[in-house]
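# Fold and geometry: a report
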Amino acid sequence: MVLEGNPEVGSPRTSDLRHPGTQGSCVLSSPGEDAQPGEEPIKYGELIVLGYNGCLASGDKGRRRSRLALSRRPHANGVKPDVMHHISTPLVSKALSNRGQHSISYTLSRSHSVIVEYTHDSDTDMFQIGRSTENMIDFVVTDTSPGGGAAEGPSAQSTISRYACRILCDRRPPYTARIYAAGFDASSNIFLGERAAKWRTPDGLMDGLTTNGVLVMHPAGGFSEDSAPGVWREISVCGNVYTLRDSRSAQQRGKLVENESNVLQDGSLIDLCGATLLWRTPAGLLRAPTLKQLEAQRQEANAARPQCPVGLSTLAFPSPARGRTAPDKQQPWVYVRCGHVHGYHGWGCRRERGPQERECPLCRLVGPYVPLWLGQEAGLCLDPGPPSHAFAPCGHVCSEKTARYWAQTPLPHGTHAFHAACPFCGAWLTGEHGCVRLIFQGPLD
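All values reported here derive from a predicted model rather than from experimental measurement.

Enumeration according to the criterion identifies 15 salt bridges in this entry. Here D266 and R280 are joined by a salt bridge, their closest N and O atoms 2.7 Å apart. Taken as a pair, D266 in the loop between β15 (241-242) and β16 (269-271) and R280 in strand β17 (residues 276-280) lie far apart in primary sequence, 14 residues in all. When sorted by exposure, D266 lands in the same class as R280, which is buried. Salt bridges linked by common partners bring K43, E46, R67 and E377 together as one network.

Below you can see the structure in the form of C-alpha cells.
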C-alpha cells in the first residue's frame, strides 16, 4: 500500500522533466496531417538513422524507416511527473496494473520500490523510439552493422532496447525538443529493476539509467560548415546529463554535468547502442541541400565528362534510382589512398595485401580500390558544396566540409569503443584522414 506521497514532485524542477510515452501513431511529414485544411503541419524536426543513405534496403514502410519527421499531433499526449510513492515490492504489480496511469518504477530492494506517477501534460507531444514494433513505439529502429550492412529484421542479439528513449516536444514556439532515456511499455510503465543504475537525487527525487544507455552528442558551432564534434554524454530517465560510464552497462553512473541539458540541437546525435540517429531542426534542414540539388550536382559532374586516365573511357555517376547494385561500365572507381579516379580495371592487384588492394598506375601508392557512390541522404550534409571528397574505404562521395566533419566524429561502438564511420553506410573509416580528395581527369578532346 502507499506509505507516503512526496509533495516535492510538484516542484518547478520536476515539472520541467516532462516525459513522453503515451500511445499514439507515428507522425509523418505528410502535408496537412496535423494542421487545418490548407495549412502546413508544424514540424518539430526530423530523425535520420545513420548508415542507410536515404532509404532502408527493403524500403521505408510505416514506422520502420530511415528517416522520420516529428510533427505536432492533433491532440497533446504528453505526461509529466505528478506524485511519488514508496511501496512494498509485493504490491508493485497492483500499483502498475492501471494502463491509463503512466508511471516509472524504481526497485530499490526486494522489499522496497519507489513509483513515480505521471499525469497528462497538455503542453507537450511525445514520441517513443525503440526496437519494439508495438503501437506505443512511433519510430521502430533496428541495429545497423558497421561496413554498410544493416540488420533490418528482428535480432536476438540486438543491443537496442525495445523501449529505448522518448522525445518530448513543446507544442508552442520555439517547439523545444528534449530527450529522455527509456520509453513507456504497453502497460504505460517504465520499470528499472534491482540491478539497474538508479539513485535518489539531492532534492529527494529518483533518477536512473537504462541497461545500455542513451548517449547524446551536441556538435560545437551547430550543424553547419563551421561545426566540430562535441562531447558524448549519457541521458538519464529524467533527462539529466551525465558523463559516460566506464563501460556501456556499468552500474556506476558518471558525474552530473550541471551546465548541459537534454535539449536537442540541430545536428545532435543520439546513440541507442546499435543505431545512431541524427536530429535535424526545420531551420537546419533549410540550409541542407535538397535531393534536387544533389541530382543537379550529379548531372553537372557527369556533364564534365571525366575520363579514366588509363583506359580513356568516359566516367559517369549512376542515377540514385538504380540503387547501390553492381557497378556499371561507366562507374568511377577511386584509389582511396591517393584519390585518383579511374574506370574499372583488373590490373595492379596486390593479393598478398588483400583482394581490394591495388597499385595506382599514376602515383604507385597501394591501397583499397573501390567504386564511387554519391551520398543521397541530404540531411547528413553540412553544406550544399560540390561532391569533391570520398570516405575511405567505402567510396561514398560528398562535400569537403561534410566529409571532414564525419571523419572527425567518433561514433559509439560496443561497450566502450568509438569509431569514425561513413554516415551513408556505417562503414568504419580508415586511413590517416578517413576521407580523400577526388582527383578527376577531364576529357582530352
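With 30 residues, the main nonpolar core has L47, I129, I167, I179, I270, L272 and L277 as its most contacted residues. Non-local contacts of I179, meaning those with residues more than four positions away in its chain, are made with C165, R166, I167, V214, V216, I235, G239, N262, L264 and I270. Core analysis: the second largest hydrophobic core is formed by 26 residues, M217, A403, Y405 and A407 among them.

Tallied over the full model, the rule gives 13 aromatic pairs. Taken together, a centroid distance of 4.7 Å and an interplanar angle of 55° make the contact between W333 and Y344 tilted. Of this pair, W333 sits in strand β18 (residues 333-335) while Y344 sits in the loop between β19 (341-342) and β20 (357-359), and the two are 11 residues apart along the sequence. For W333, a relative accessible area of 12% translates into the label buried. Through pairs of rings, three or more aromatic residues link up here, namely W333, Y335, Y344 and Y369.

Take helix α4 (residues 291-303) next. Counted at 1.5 Å a residue, the expected span for α4 with its 13 residues is 18 Å, and the 18 Å between its end C-alpha atoms agrees. Residues L294, Q297, R298 and N302 constitute the buried set of α4. For α4, the buried positions fall inside an angular range of 130° around the axis, keeping them on one side. In α4, the exposed residues that point more than 90 degrees away from the buried face are K292, E300 and A303.

Let's shift gears to the sheet that holds strand β21 (residues 366-371). Read from one edge of the open sheet, 4 strands run β19-β18-β21-β20, paired in antiparallel fashion. The open sheet is flanked by β19 and β20, the only strands paired with a single partner. In this sheet, β19 lies alongside β18 in antiparallel orientation, the contact comprising 2 bridges. Its bridge partner being in β19, W333 is matched across the sheet by H342.

Now for the pairing of β17. Counted residue by residue, β17 has 5 buried out of 5 residues, so it is predominantly covered. Burial along β17 is two-sided: the residues T276, L278 and R280 and L277 and W279 are all buried. Here strand β1 (residues 43-49) runs beside β17; their pairing, made up of 4 bridges, is antiparallel. Residue pairing for β17: L47 is matched across the bridge by W279. Taken together, the 3 bridges between β16 and β17 define a ladder with antiparallel strand orientation. Paired with D271 across the strands is T276, a residue of β17.

Here we have 4 strands laid out as an open sheet, ordered β22-β24-β23-β27, and mixed in their pairing. Two strands bound the open sheet, and with one partner strand each, they are β22 (373-374) and β27 (435-437). In this sheet, strand β24 (residues 396-398) lies alongside β22 in parallel orientation, the contact comprising 2 bridges. The residue of β24 that forms the bridge with W373 is H396. Across the sheet, helix α5 (residues 400-407) lies against β23 (389-391), β24 and β27, angled at about 30° from β23, the strand it touches most.

In this section: the pairing of strand β8 (residues 165-170). Of all 6 residues making up β8, 6 are buried, and the element is well covered by its neighbours. The two faces of β8 match: C165, I167 and C169 on one face and R166, L168 and D170 on the other face are all buried. Examined bridge by bridge, strand β6 (residues 124-130) and β8 share 6 bridges and lie antiparallel to one another. In the strand pairing of β8, Q128 is matched with R166. Pairing of β8 with strand β9 (residues 177-181), which is carried by 5 bridges, proceeds in the antiparallel orientation. Bridge pairing in β9 places L168 opposite R178.

A separate point is the confidence of the model for the chain. Parts of the model with low pLDDT should not have their predicted coordinates read in detail. When pLDDT is averaged across the chain, the result is 84; 82% of the residues are at 70 or more. Segment residues 1-34 is flagged for pLDDT under 50; beyond a separation of four residues in sequence, or across chains, it makes 109 contacts in the model.

Further remarks concern the side chain of E377. Looking at where E377 falls in the secondary structure, it is placed in the loop between β22 and β23. Among the polar contacts listed, one links the side chain of E377 to the backbone nitrogen of G379, at a separation of 3.1 Å.

Turning to its location among the elements, Q265 is positioned in the loop between β15 and β16. The class of Q265 is partly exposed, set by a relative accessible area of 36%. As for Q265 and G45, which are separated by 220 residues in sequence, their C-alpha atoms are 9.8 Å apart.

In this structure, L380 sits in the loop between β22 and β23. Sequence-wise, L380 and W279 are 101 residues apart; in three dimensions their C-alpha atoms are separated by 9.7 Å. Sequence-distant contacts of L380, defined by excluding residues within four places in its chain, comprise I48, L50, F223, L278, T402, W406, P423 and F424.

The rules behind these values
- The written sequence of each chain sets the order in which its residues are numbered from 1.
- Local features in a predicted model are, by the rule used here, given only for residues with pLDDT of at least 70; side-chain atom pairs are given and counted only at 80 or more, and totals for whole chains, interfaces and linings are based on all residues.
- Side-chain figures throughout are based on the complete set of non-hydrogen atoms in the structure, without hydrogens or water.
- Here, a salt bridge means any side-chain nitrogen of Lys or Arg that lies within 4 Å of a carboxyl oxygen of Asp or Glu.
- A helix here means a DSSP run of H or I that spans at least four residues, while a strand means a run of E at least two residues long, and both kinds are numbered starting from the N terminus.
- Accessibility here uses a 1.4 Å probe with only protein chains present; expressed as a share of the type maximum, an area under 20% marks a residue as buried, one over 50% as exposed, and anything in between as partly exposed.
- Buried Ala, Val, Leu, Ile, Met, Phe, Trp, Tyr and Cys residues that are joined via side-chain atoms within 4.5 Å together make up what is termed a nonpolar core.
- The contact definition used throughout considers only heavy atoms, calling two residues in contact when any of these lie within 4.5 Å.
- Any Phe, Tyr or Trp ring, taking Trp's six-membered ring, that has another such ring centre within 6.5 Å forms a pair; planes under 30 degrees apart are called stacked, those over 60 apart edge-to-face, and the others tilted.
- Between the first and last residue of a helix there are one fewer steps than residues, each counted as 1.5 Å, and that sum is the expected span.
- Taken from the helix axis, the directions to the C-beta atoms give the arc we talk about.
- Pairing between strands is defined by DSSP: at least two bridges between the two strands are required.
- Note on geometry: axes are C-alpha line fits, over the in-contact stretch for helices, and angles between N-to-C directions span 0 to 180 degrees.
- Per-residue confidence from the prediction method is given by pLDDT, with values spanning 0 to 100.
- Identification of polar contacts relies on pairs of N or O atoms within 3.5 Å, with a donor-acceptor requirement for protein atoms, meaning one able to donate a hydrogen and the other able to accept it, and with residues adjacent in sequence counted only if both atoms are side-chain atoms.

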